[in-house]
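Each chain, written out:
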Amino acid sequence: MSCCPDKKNKPFTEYSLVKATRSVIKHFTNSTYDAFVDEEVKKMRMEACNGCDQLREVFGLKNCKVCDCFVDAKSSLVEMDCEHPDGSKWRREK
Ligand code: SF4
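Residues numbered from 1 in each chain as written. Predicted model: local features only at pLDDT ≥ 70, side-chain atom pairs only at ≥ 80, totals over all residues.

## Describing the overall build of the chain
Next up, step 1: Per the secondary structure count, the chain includes three helices and two strands.
Next up, step 2: For the chain, the α and β elements follow one another from N to C terminus as α-α-β-β-α.
Next up, step 3: In the chain, which comprises 94 residues, the share counted as buried stands at 16%.
Next up, step 4: For the chain, restricting intrachain contacts to residue pairs at least 6 apart in sequence, the fraction spanning at least 24 positions comes to 48%. (Helix = DSSP H or I, 4+ residues; strand = E, 2+ residues; numbered from the N terminus. Buried ≥ 20, exposed ≤ 12 C-beta atoms within 10 Å, placed from the backbone. Contact = placed C-beta atoms within 7 Å.)

Structure (structure tokens):
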């Protein structure tokens, strides 16, 4: 396993981590009780992400190259959308 991103992946930067962390914190601070999807929806979203050509691994975590989100967290949140350039693979729930 290489320590550096391969040429197909965008380089992972500190900014990417800050951006991802801020988006999660913003979501949690603005959300109410029903911020999370149920297990069936999360499973469907993760199946799409696991088969997606935009998925990469960052620090051992599944990360989306399109939005820089950590998809285990992103797929749990109701208001998140997949932003795949060829068309969304899953949509927000509400
Ligand atoms: S583009 Fe969509 S399906 Fe692909 S990893 Fe990102 S969130 Fe998941």
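Moving on, there is more to tell.
## Topic: the site of the ligand
Next up, step 1: Around the ligand lies a shell formed by Ala48, Cys49, Cys52, Gln54, Leu55, Cys64, Val66, Val71, Cys82, His84 and Lys89.
Next up, step 2: Broken down by class, the residue content of the shell around the ligand amounts to eight nonpolar, two polar and one charged. (Near = placed C-beta within 6 Å. Nonpolar A, V, L, I, M, F, W, Y, C, P; charged D, E, K, R; others polar.)

## Describing the environment of Arg92
Next up, step 1: Of note, Arg92 is situated in the segment after helix H3 (71–74).
Next up, step 2: Judged by the 12 C-beta atoms lying within 10 Å of it, Arg92 falls in the exposed class.
Next up, step 3: Dropping the residues within four chain positions of it, Arg92 is found in contact with Val78, Glu79, Met80 and Asp81.

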